[in-house]
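Spelled out, the chains give:
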Amino acid sequence: MPTLIKPQDPAPARTKHGRSWHRIAGKPVRWWMIALLLVIGFHRWIPDTRWLMVHMVTLGLITTSIMVWSQHFTEALLHHRLSDSERPRQVLRIYGVTVGTLVLMVGILADWWWLTLVSATVMGGVLTWHGVSLLGQVRTALPARFGMTVRWYAAAAFFLPLGAIFGAILALDLADPWHSRFLLAHQSINILGFVGLTVSATLLTLWPTMVRTRMEDTATTLTRMALPAMAAGSLVAAGGALGGWVPVVILGLLCYATGVGAIGWIMIRTGRRKPPAGYMGWSVASGIAWLFFTVVVALILVAVRGVHTSVMSALTIPFVAGFLLQTLLGAMSYILPSTMGGGPATVRASLAAINRGGIYRVTVLNLCIALFALPSDMLPSWVRALVSIVGAVVFAAFLPLMISSAKISVAGRRRLMAQRAGGQPPAPTRADTAEPERKTRALWQLVAGVLTVVLAVGAGIAVAPQSAGLGVSGSAENAVQATGNTTEVTMHAHQDMRFDPAEIQVPVGDRLVITLVNDDPTNVHDLVFANGATTGRMSPGDTAHVDAGIISEALEGWCSVIGHRSMGMTVAVTPVDSHGNPVGAAGHENHGVGTASAADDSQDPAAGVDFNAPPGEAFTVRDSALEPAPNETVHELALDVQEVAREVAPGVTMDAWTFNGDYTGPTLRGTVGDVFEVTLTNSGTMGHSVDFHAGDVSPDQTMRTIAPGESLVYRFEAARSGIWLYHCSTAPMSTHVAAGMFGAVIIDPPNLPEVDREYLLLQNETYLTAPSADQPDLPEGVNAVVDPAAITAGPPSLTMFNGHATQYMHEKLPARPDERVRIWVLAAGPSKGTSFHVVGGQFDTVYKEGAYLLSPSSSANPEGTGGAQALDLAPAQGGFVEMSFPEAGTYTFVNHSFAEAERGARGQIEVTQ
């Protein structure tokens, strides 16, 4: 049996300062382990997490470990240690890998290609230097039986510079097919060539050492054939990928798989004499099995899909977690205790500590990797999430076990040194009398590992059973007569987290079959119905079909990927009769119920609003541009109360109570001292009134509620400047305001400067529900009414500027660079204020509630350098801001209370040359 590691040696190679070079060089490996765990823990807040973690494993952990242990094995196999002058250079090369990897991490996060180029240069240079050093050691050492292994270490090191060049080119964000070609070539050279060759060459001697048996008789001969086959296969596959030659790639992968198969055959033959014990052996064996499996699957995928990014993307988890991490951690579980020494008893105790629960850990890890590697349409999101958490926790368990093992080794070495210095034999430890792990204990660990993963899968299904197709169909399907007809609908899943269409009407009794196309270029989606029908997970570009069954009652569907449903990816299916009227579960008509909320327990028709959609074709965008105050001192206006259907958001048409037919009444403007004479006529179906905050009058008569068909005259003089709210004051006022009965009166401050553009934005919120069947006849097209209970409970259904939630995202307010723009803002309520802000703009003038808070010429701002970022207004308060835009662009205005902005309180100003 080859003696790669001498457990009885308590004094490993040391630097001139007396420290073990393994401890110095191994520090980066521990750093990268901790960093990887931190990135996994905080991945939601870190961009580009996937590629960050992949390179932390492949470059940070794997490459650093290869640098450390290839040097260690070189010295052991050649029986030749580096000189004291050469040792610091070896450590410098190892830390050079750490620096190069850190530079790459910064380049990935900052998206700076030049840093990727610097990293590729550093990594390529360091690995070339490492390979040359290894060959130099072969030349200076005496001939050794396993010198072949060291030569393959050097050959593998020369692969990485080529792979680094491909990686730097990839960072240029090439378009396909070149991106796919360079990605496959990059991974063929780095993973199959650099890592695969190094690991396979090491296993020739490490594997029999780990399982403590003699080497297989044919091992050397088979390895001499396997390693060239793997090297050639890696190069051929990379060349075929760059040329887009699928047969050449297949030939290369087939050649490589043959070589890996030979290595696996050697391991199996060796293990038959003495099976692996504990974590270290089974983890390494599992790693090689995953390498063979992924290469074979990659071969099949290339044959089916060609040279495409999806080939290697689908195999990232098996390659990284299955092969790389398992092989690394398994090998380290044996190498670390053995190299730290401390005598045979200490080494045995240290090995027992780091391999604790080994069969359980290997079982859990491989089951988790297998499940996570399944196609996305086969594993529900909650199952995937819980399985990944369990796997990550078991992987992370290596770190505390490694620390525990290291403490045992350090203590044993100190004890051994002290005892030898005193001329006494080492005292026996518990490890000297410890019994080997019994087969029954290993069996129980295997069972416990399987049960752990089964529980994780069961918990994921229990959280979202519909995503696994386990929903329970209601009996209502049999409560109506099936028509024998099938309604077929094509739906699209969009990048802005919505289904199109989001509402489907199906003749009652028809079968509904949906074809779903995932048009989202980046995200996986699915469609799950409440009755359990599901498309399964769909990758970008995929098309799937789902049979939703016989439609006899309202049916809700959604995307079950975590977080997507709450972002608006829902669909409502409504059964309708022959006249197009919605019907209930038993086939009875259900007039007046809005179809948008038929499957929504909240009954809020605005719950599924697409805030990226434009207003409906019949909607007229309200002109927010203000005209100057007219040159007259008496202003006459007729306000006619009308209860009409008005769109307030895409797909939401409410029973609006209005002044003059518009949700948000007409704007009045004048100057201080002007008189306003308003004739209010109630053409509605209930009592209404009006309250002008701009008038300093007794409310008894002017603000009284008038019955339908009645009129009154409201006369007031504008004694003070400002922007004033008017609204219906009939109880409950909150309901009347939320229904649209409000407007603005602007009284210009004296000497108000002229500006190039002037706009008015009235913010209000509304609270909606679907009409009930017992409500009186409503205007045609209405699917929403104000919900008084929701006003009290909150939150709002919509928060809008000038009566519509999306109008100014599509009909932008125009301006030009350096023009002076004034925006009047009024918070109409009924309950919410605003913090008005323009993204990318600053206010140099702020006027609030009749007074200037900031202006370029104010005494409080003598040099005109002050500015403001927001105009804060409580309900019924108003003011204006002024600014200019120095350059062209699209500037978004929002209520900086972002919950309200996300309900519609936003718009855009388009500044053009």
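Throughout what follows, the structure given in this document is the object of discussion. Note that the structure is predicted; figures quoted are calculated from it, not measured.

Here we look at the sheet that holds strand S5 (residues 528–529)
Strand order in the open sheet formed by 4 strands is S3-S8-S7-S5, with mixed pairing between adjacent strands. In the strand order of this sheet, the two ends are held by strand S3 (503–507) and S5, each with one partner.

Regarding empty space enclosed by the protein
According to the stated counting rule, one finds 3 cavities of 30 Å³ or more in the structure shown. Here the largest cavity is characterised by a volume of approximately 280 Å³. Together, 21 residues line the largest cavity, and Ile66, Val199, Thr327, Leu328 and Ala331 are the ones closest to its centre. Those elements that place two or more of their residues in the lining of the largest cavity are helix H2 (49–78), helix H6 (178–211) and helix H11 (316–340). No other element matches the 7 residues that H11 contributes to the lining of the largest cavity.

Things to note about H11
Across its 25 residues, H11 extends 33 Å between first and last C-alpha, which sits within 8% of the 36 Å expected from 1.5 Å per residue. Burial runs high along H11: 24 of the 25 residues are buried. Phi turns positive one or two residues past the end of H11, at Gly341, with a value near 70 degrees.

A few points about the sheet that holds strand S6 (residues 543–550)
Reading across the sheet, the 4 strands line up as S2-S1-S4-S6 and stay open at both edges, with mixed pairing between neighbours. Edge positions in the open sheet fall to strand S2 (498–500) and S6, since each of these has one partner strand only. In this sheet, neighbouring strand axes are inclined to one another by 30 degrees on average, regardless of whether the strands run parallel or antiparallel. By the bridge criterion, 3 bridges tie strand S1 (residues 486–494) to S2 in an arrangement that is antiparallel. Among the inter-strand pairings, His492 is bridged to a residue of S2, identified as Asp500.

A few points about a nonpolar patch on the surface
Together, Leu367, Leu443, Trp444, Leu446, Val447, Val450, Leu451 and Val454 make up a nonpolar patch on the protein surface, roughly 730 Å² of accessible area in all. It is helix H17 (residues 439–463) that provides the largest number of residues to the nonpolar patch, a total of 7 residues. Examined against the element boundaries, Val454 turns out to sit in helix H17.

Description of the nonpolar core
In this structure, Leu253 and Phe323 are the most contacted members of the largest nonpolar core, which totals 116 residues. Considering each element in turn, this core owes the most residues, 18 residues, to H6. If we skip the residues at most four places from it in the chain, Leu253 touches Leu192, Gly233, Ala237, Val295, Ala298, Leu299 and Val302. Formed by 57 residues, the second largest nonpolar core is a distinct cluster that contains Tyr663, Val737, Met741 and Ala790.

Some points on helix H3 (residues 87–110)
Every α-helix carries 3.6 residues per turn, so stepping three or four residues along brings you back to the same face. Taking 1.5 Å as the rise per residue, H3 with 24 residues should run 34 Å; its terminal C-alpha atoms sit 35 Å apart, in good agreement. One or two positions beyond H3, positive phi appears at Asp111, with a value near 60 degrees.

Considerations on the pattern of salt bridges
Per the stated rule, a full pass over the model turns up 15 salt bridges. Arg269 serves as the salt-bridge partner of Glu216, at 3.5 Å between the closest nitrogen and oxygen. Of this pair, Glu216 sits in the loop between H6 and helix H7 (219–243) while Arg269 sits in helix H8 (residues 246–273), placing them 53 residues apart in sequence. Given the relative accessible area of 6%, Glu216 is considered buried. Classification of Arg269 by relative accessible area gives partly exposed; the value is 31%. One salt bridge in this structure joins Glu882 and Arg822, with 2.7 Å as the shortest N-O distance. On the criterion of sequence distance, the pair formed by Glu882 in strand S27 (residues 878–884) and Arg822 in strand S22 (residues 820–829) is long-range, its members being 60 residues apart. There is no split in this pair, since Glu882 and Arg822 are both buried. If you follow the salt bridges from partner to partner, you end up with Arg669, Asp748, Glu758, Arg820, Arg822, Asp844 and Glu882 in one network.

Here we look at the packing of H6 against H11
Here H6 crosses H11 at 35 degrees, and the two axes come no closer than 12 Å. Relative to H11, the crossing made by H6 is left-handed. Note on element contacts: H11 touches H6 through Phe319, Phe323, Leu324, Thr327, Gly330, Ala331, Tyr334 and Ile335, opposite Ile191, Leu192, Val195, Gly196, Val199, Leu206, Thr209 and Met210.

With respect to the side chain of Ser409
Position of Ser409 among the secondary structure elements: in helix H15 (residues 398–421). Note on Ser409: relative accessible area 0%, which makes it buried. Apart from the residues lying within four places of it in its own chain, the contact partners of Ser409 are Pro337, Met340, Gly341, Thr346 and Ser350.

Procedures and definitions
- Residues numbered from 1 in each chain as written.
- Predicted model: local features only at pLDDT ≥ 70, side-chain atom pairs only at ≥ 80, totals over all residues.
- Heavy atoms only, no water.
- Pairing = 2+ DSSP bridges.
- Helix = DSSP H or I, 4+ residues; strand = E, 2+ residues; numbered from the N terminus.
- 1 Å grid on protein atoms, 1.4 Å probe; cavity = no way out; pocket = protein on both sides within 12 Å on 5 of 7 lines; lining within 4 Å.
- Points joined across faces, edges and corners; volume = space filled by probe spheres on them.
- Expected span 1.5 Å × (residues − 1).
- Buried < 20%, exposed > 50% of the residue type's maximum accessible area, 1.4 Å probe, protein only.
- Axes fitted to C-alpha atoms, helices over the stretch in contact; angles between N-to-C directions.
- Patch = residues over 30% accessible without salt bridge, like charges linked within 9 Å, V, L, I, M, F, W, Y side chains within 5 Å.
- Areas by Shrake-Rupley, 256 points an atom, 1.4 Å probe, with all protein chains shown as cover.
- Salt bridge = Lys/Arg side-chain N within 4 Å of Asp/Glu carboxyl O.
- Core = buried A, V, L, I, M, F, W, Y, C linked by side-chain atoms within 4.5 Å.
- Contact = heavy atoms within 4.5 Å.
- Left-handed = near helix turned anticlockwise from the far one by under 90°.

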